Amino acid sequence: MPCLDISTNVSLDGVDTNSLFSELTKAVSQIVGKPENFVMIMVKESVALTFGGNKEPAALAEIVSMDGIKTEVKRKLIVTIGSILENTLSIPRTRFILKVFGATMAPKNSKL
């Protein structure tokens with residue numbers, strides 16, 4: 001189950017968030033290869049965030065996927081999510097960072 005968590009210093013006022021969430025969900029689903037109903041998206045707006053010492057539009061995102069994420073998939077996620085944020089929130093792709101985490105499920109006999 002991929003989970004994408006985006007924090008940005010940009011306000012979502014006036015942004016069609018339904019379209020934003022839909023576009024992000026479809027992109028993650030297609031790139032990671034999981035059904036859309038397994039994809040979780042969170043967007044935190046107007047956070048105190050600087051990049052390069054200034055407060056111009058920027059975003060930090062983290063994605064976690066249970067099956068791990070290979071290098072080629074990471075590249076596609078960075079390009080695609082960066083393009084979506086640039087087109088919808090006017091965040092330059094050069095001011096967007098994506099942290100990628102692959103997680104594994106606990107064994108069936110785990111005490112967790």
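This text goes with the structure placed above it.
Residues numbered from 1 in each chain as written. Predicted model: local features only at pLDDT ≥ 70, side-chain atom pairs only at ≥ 80, totals over all residues. Heavy atoms only, no water.

A.B. asks: Even after reading the chapter, I still don't get the side chain of S65, so can you show me in this structure?
C.D. replies: Tracing the sequence through the fold places S65 in strand β3 (residues 59-65). The residues contacting S65, other than those within four sequence positions of it, are M1, P2, V32, F101, G102 and A103. (Helix = DSSP H or I, 4+ residues; strand = E, 2+ residues; numbered from the N terminus. Contact = heavy atoms within 4.5 Å.)

A.B. asks: Any chance you could explain the sheet that holds strand β4 (residues 96-102) here in plain terms?
C.D. replies: The strands making up a sheet are joined through hydrogen bonds of the backbone, oriented either antiparallel or parallel. Spatial ordering of the open sheet is given by β2-β1-β3-β4, a layout of four strands whose pairing is mixed. The sheet is open, and its two edges are formed by β2 (40-44) and β4, each paired on a single side. Direction aside, neighbouring strands of the sheet carry axes that sit 10 degrees apart on average. When strand β1 (residues 3-8) meets β3, the two strands line up antiparallel, connected through six bridges. Within the sheet, the bridge partner assigned to S7 lies in β3 and is L60. Contacts from helix α1 (residues 17-32) reach β1, β2 and β3 within the one sheet, and its direction differs from that of β2 by about 135 degrees. Across the face of the sheet, helix α2 (residues 71-89) comes into contact with β1, β3 and β4 while running at roughly 140 degrees to β4. (Pairing = 2+ DSSP bridges. Axes fitted to C-alpha atoms, helices over the stretch in contact; angles between N-to-C directions.)

A.B. asks: Please explain the pairing of β1 as it appears in this structure.
C.D. replies: One face of the sheet, then the other: side chains in a regular strand alternate in exactly this way. Within β1, six of the six residues are buried, leaving the element largely enclosed by the surrounding structure. Inspection of the sheet shows β1 paired to β2 by five bridges, in the parallel sense. Residue L4 lies in a different strand from β2, and its bridge partner there is I41. (Buried < 20%, exposed > 50% of the residue type's maximum accessible area, 1.4 Å probe, protein only.)

A.B. asks: What am I meant to see in the environment of V28 here?
C.D. replies: Looking at the secondary structure, you find V28 in helix α1. Once the C-alpha coordinates of V28 and L4 are considered, the two residues, 24 residues apart in sequence, prove to be 8.2 Å apart. When neighbours within four sequence positions are excluded, V28 is seen to be in contact with P2, L4, G33, V39, I41, I63, L77 and I81.

A.B. asks: I tried to follow unusual backbone geometry on my own but got confused; where do I start?
C.D. replies: If a residue is not glycine, its phi is most likely negative; likewise, a peptide bond is most likely trans. For S46, which is not a glycine, the phi torsion comes out positive at approximately 55 degrees. One can find S46 in the loop between β2 and β3. The phi angle at S90 is positive, at roughly 60 degrees, despite the residue not being glycine. For S90, the location among the structural elements is in the loop between α2 and β4. Given the relative accessible area of 54%, S90 is considered exposed.

A.B. asks: What is the right way to read α2 from this model?
C.D. replies: Helical geometry: 3.6 residues make up each α-helical turn, so side chains three or four residues apart lie on a common side. For α2, which comprises 19 residues, the first-to-last C-alpha distance of 26 Å matches the rise-based estimate of 27 Å (1.5 Å per residue) to within 8%. What α2 keeps buried is the set L77, I81, G82, I84, L85 and L89. With its buried residues spanning 160 degrees around the axis, α2 presents them on a single face. The exposed set on the far side of α2, more than 90 degrees from its buried face, consists of R75 and N87. Contact partners of the buried residues in α2: β1, α1, β3 and β4. Phi turns positive, to about 60 degrees, at S90, one or two residues after α2. (Expected span 1.5 Å × (residues − 1). Arc of directions from axis to C-beta.)

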